[in-house]
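# Reading the structure
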Amino acid sequence: MNITNTWELLLQLSPDDLLGYFYYNRNILKDYRVILFPGESNKIPNKFKNIVSNNISLLSLSPKSDFFVLDYDTVVQTFLRNGKSDVRLKGCVHFDTQIVSYLNRIYDDGTKDAPIYDTYTFLKKILEERLDFTDYLYLIENGFKINDVKTLKKMKDCLLSYAHYKETTPKQFESDFGKKNIFTIDDYKFINRTVNDIDKIIKKGSHFQNVFDLIYCMLLKLACIDFSSNKSSKNKFLLLNSFIINELGIYLERELAVCYFYLYKNDNVKSFFKKFQRNSKNLVDVIQGMAWDLTHIRTIEFFMAQDQVGSRYFTNHYIVTYDQGLRDILTAFPLDRIVFHNGDYREIFKQSLTSLSKDIDLTKLYYESINVRENVRKNRDLTKLKQSLIEELFKILQV
């Protein structure tokens, strides 16, 4: 069986057909796992629902609470024998930069004003429910700024608070609210180990940095196109696709869909683009933050793919954030399913971008540019491209 055909079949077959496909090809598909959004079972466990607040979002890859897991064990071992899917569920929540920064303020000043106190209440529930959590999203986003003295100092302060939090109890966390002199020698050792690990990651290069650079360049070009032209939405979108083909060499469907919604003035992404204005203060920083938000979604997918390797558990990963815009994006362009295999993954959405963009034949556009994009990927320099786009945007803003 051809590996490419296997991916495509798992992405396209109906749920009923997938059951038969898994059963009759069980020896070949032992290392594959398909997650359907939503399904009829496997809802988010109550302990995760218990920590949700009005202001803080707990975001998974799908805005729906239901999902359905299909793999060798669920289909062959349990579903066809018992008539139900008996999946072992695990979960992990990842704090974004804002949550980690607020955690530092919980220990530093102990204000009961929102959002600090909201964060305190939320983080206490995390401890009470004994959930797995990480600061990986914070480390990935801020680790590449480590050479900046101010950033490094702030980062060490946040890591100190996180180090103390991850070893504490709900009762101790309540007692430590607003106290500054509570940190231990082990907390300080954690900072040094973490900073050293970040330094190693940067020296080796990073998958996450590359993903961020691609998305950042796309959003910078979107700003250049939109703020310098009175062309129609269709023509602006064509210009953006031309840039992606000839400068990035890669098709990022979710991120391109976000740009499509923006150019065609879809309210679904209005909150995500609320600061994406020509007259915005520090527009480049705004775009950088938006790029990291979108990168976090792909980071969660990457974590999930790694966790599926050789595991009988299904581990769902969640972003903890105050960002309403990020939640709106997952709602506006929801996943239909995601397929995992040996640390890699493929996904399709409820409605593809090619079907959304009725006035442009994107399928033809990208099919005819396969060789061009492959050559671009081999020769592109994203560092130079980022700088060139920033300079282009500055010139546009000065007019």
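Keep in mind the model is a prediction, meaning the values are calculated, not measured.

### Focus: the overall build of the protein chain
- For the protein chain, the helix and strand inventory stands at 19 helices and eight strands.
- When the 399 residues of the protein chain are sorted by exposure, 53% land in the buried category.
- Long-range pairs, those at least 24 residues apart, make up 78% of the contacts in the protein chain with a sequence separation of at least 6.
- Counting every atom, the protein chain has about 19,900 Å² of accessible surface; 46% of that belongs to carbon and sulfur.

### A closer look at the sheet that holds strand 8 (residues 344–349)
- Ordered by their spatial adjacency, four strands build an open sheet running 3-1-7-8, and the pairing between neighbours is antiparallel. On the outer flanks of this sheet lie strand 3 (68–71) and strand 8, each paired with one strand and no other. If you compare each strand with its neighbour and ignore which way they point, the axes differ by 15 degrees on average.
- Both strand 1 (residues 32–36) and strand 3 contribute to a ladder of four bridges, which runs antiparallel. Considered in strand 3, the bridge of Ile35 is made with Val69.
- Of the strands in this sheet, strand 1, strand 7 (335–341) and strand 8 are in contact with helix 14 (residues 283–308), which crosses strand 8 at around 130 degrees.

### Here we look at the packing of aromatic side chains
- This structure, assessed with the given rule, holds 34 aromatic pairs.
- Their ring planes at 85 degrees and their centres at 5.2 Å tell us that Phe208 and Phe302 sit as a pair that is edge-to-face. Of this pair, Phe208 sits in helix 11 (residues 207–226) while Phe302 sits in helix 14, placing them 94 residues apart in sequence.
- Classification of Phe208 by relative accessible area gives buried; the value is 15%.

### Side note on the side chain of Arg373
- The residue Arg373 is located in helix 18 (residues 370–379) in this model.
- No salt bridge forms around the buried Arg373; measuring N to O, its nearest opposite-charge neighbour Glu374 is 9.1 Å away.
- Residue contacts for Arg373: discarding those within four places in its chain leaves Ile245, Gly249, Ile250, Tyr251 and Tyr366.

### Details of the packing of helix 7 (residues 136–143) against helix 14
- In contact at an axis separation of 11 Å, helix 7 and helix 14 are set at 130 degrees when each is read in the N-to-C sense. Classified by the angle between their axes, helix 7 and helix 14 sit oblique to one another. Seen along the crossing, helix 7 lies across helix 14 with a hand that is right-handed. For the pair helix 7 and helix 14, the contacting residues are Tyr136, Leu137, Ile140 and Glu141 in the first and Trp292, His296, Thr299 and Phe303 in the second.

### As for the packing of helix 12 (residues 233–248) against helix 13 (residues 253–263)
- Helix 13 packs onto helix 12 with a crossing angle of 155 degrees between their chain directions and a minimal axis gap of 9 Å. Between helix 12 and helix 13, the crossing angle belongs to the class labelled roughly antiparallel. In this structure, helix 12 meets helix 13 at a crossing whose hand is right-handed. Of helix 13, the residues touching helix 12 (which contributes Ser233, Lys236, Phe237, Leu240, Asn241 and Ile244) are Leu256, Cys259, Tyr260 and Leu263.

### Examining the pairing of strand 1
- The buried fraction of strand 1 amounts to five of the five residues, a majority that puts the element mostly inside the structure.
- Here five bridges tie strand 1 to strand 7, and the two strands are oriented antiparallel to one another. Among the inter-strand pairings, Tyr32 is bridged to a residue of strand 7, identified as His341.

### Overview of the side chain of Thr168
- Structurally, Thr168 is set in the loop between helix 8 (149–166) and helix 9 (170–175).
- Leaving out residues up to four positions away in the same chain, Thr168 has contacts with Leu127, Phe173 and Asp176.

### Concerning the pattern of salt bridges
- In the structure shown here, the tally under the stated rule is 14 salt bridges.
- Between Lys166 and Glu167 there is a salt bridge, and its shortest N-O distance comes to 2.8 Å.
- Taking the relative accessible area as the measure of exposure, Lys166 reaches 29% and is therefore partly exposed.
- For Lys386, the salt bridge goes to Asp213, with nearest N and O atoms at 2.9 Å.

### Focus: helix 13
- Most of helix 13 sits out of view: eleven of its eleven residues are buried.
- Positive backbone phi, at 55 degrees, marks Lys265, one or two positions downstream of helix 13.

### Considerations on unusual backbone geometry
- Despite not being glycine, Asn282 has its phi angle at roughly 55 degrees, a positive value.
- Structurally, the position occupied by Asn282 is in the loop between helix 13 and helix 14.
- The exposure class of Asn282 is partly exposed, given its relative accessible area of 48%.
- The backbone phi angle of Asn342 is positive, close to 50 degrees, even though this residue is not glycine.

### Comments concerning the environment of Lys364
- When you line up the elements, Lys364 lands in helix 17 (residues 362–367).
- What makes Lys364 partly exposed here is its relative accessible area of 47%.
- Along the sequence, Lys364 and Thr354 sit ten residues apart, while their C-alpha atoms lie 9.6 Å from each other.

### Some points on the confidence of the model for the protein chain
- Counting all residues, the mean pLDDT for the protein chain is 87, and 89% of those residues have values of 70 or more.
- For the protein chain, the element scoring lowest by mean pLDDT is helix 3 (residues 46–49), at 54; helix 12 scores highest, at 97.
- Across residues 39–43, confidence stays below pLDDT 50; counting only partners more than four residues off in sequence or on other chains, it has 17 contacts.

Conventions used here
Residues numbered from 1 in each chain as written. Predicted model: local features only at pLDDT ≥ 70, side-chain atom pairs only at ≥ 80, totals over all residues. Heavy atoms only, no water. Helix = DSSP H or I, 4+ residues; strand = E, 2+ residues; numbered from the N terminus. Buried < 20%, exposed > 50% of the residue type's maximum accessible area, 1.4 Å probe, protein only. Contact = heavy atoms within 4.5 Å. Areas by Shrake-Rupley, 256 points an atom, 1.4 Å probe, with all protein chains shown as cover. Pairing = 2+ DSSP bridges. Axes fitted to C-alpha atoms, helices over the stretch in contact; angles between N-to-C directions. Phe/Tyr/Trp six-rings, centres within 6.5 Å; stacked < 30°, edge-to-face > 60°. Lys, Arg positive; Asp, Glu negative; His and termini not counted. Salt bridge = Lys/Arg side-chain N within 4 Å of Asp/Glu carboxyl O. Parallel < 35°, antiparallel > 145°, perpendicular 65-115°, else oblique. Left-handed = near helix turned anticlockwise from the far one by under 90°. pLDDT = per-residue confidence, 0-100.

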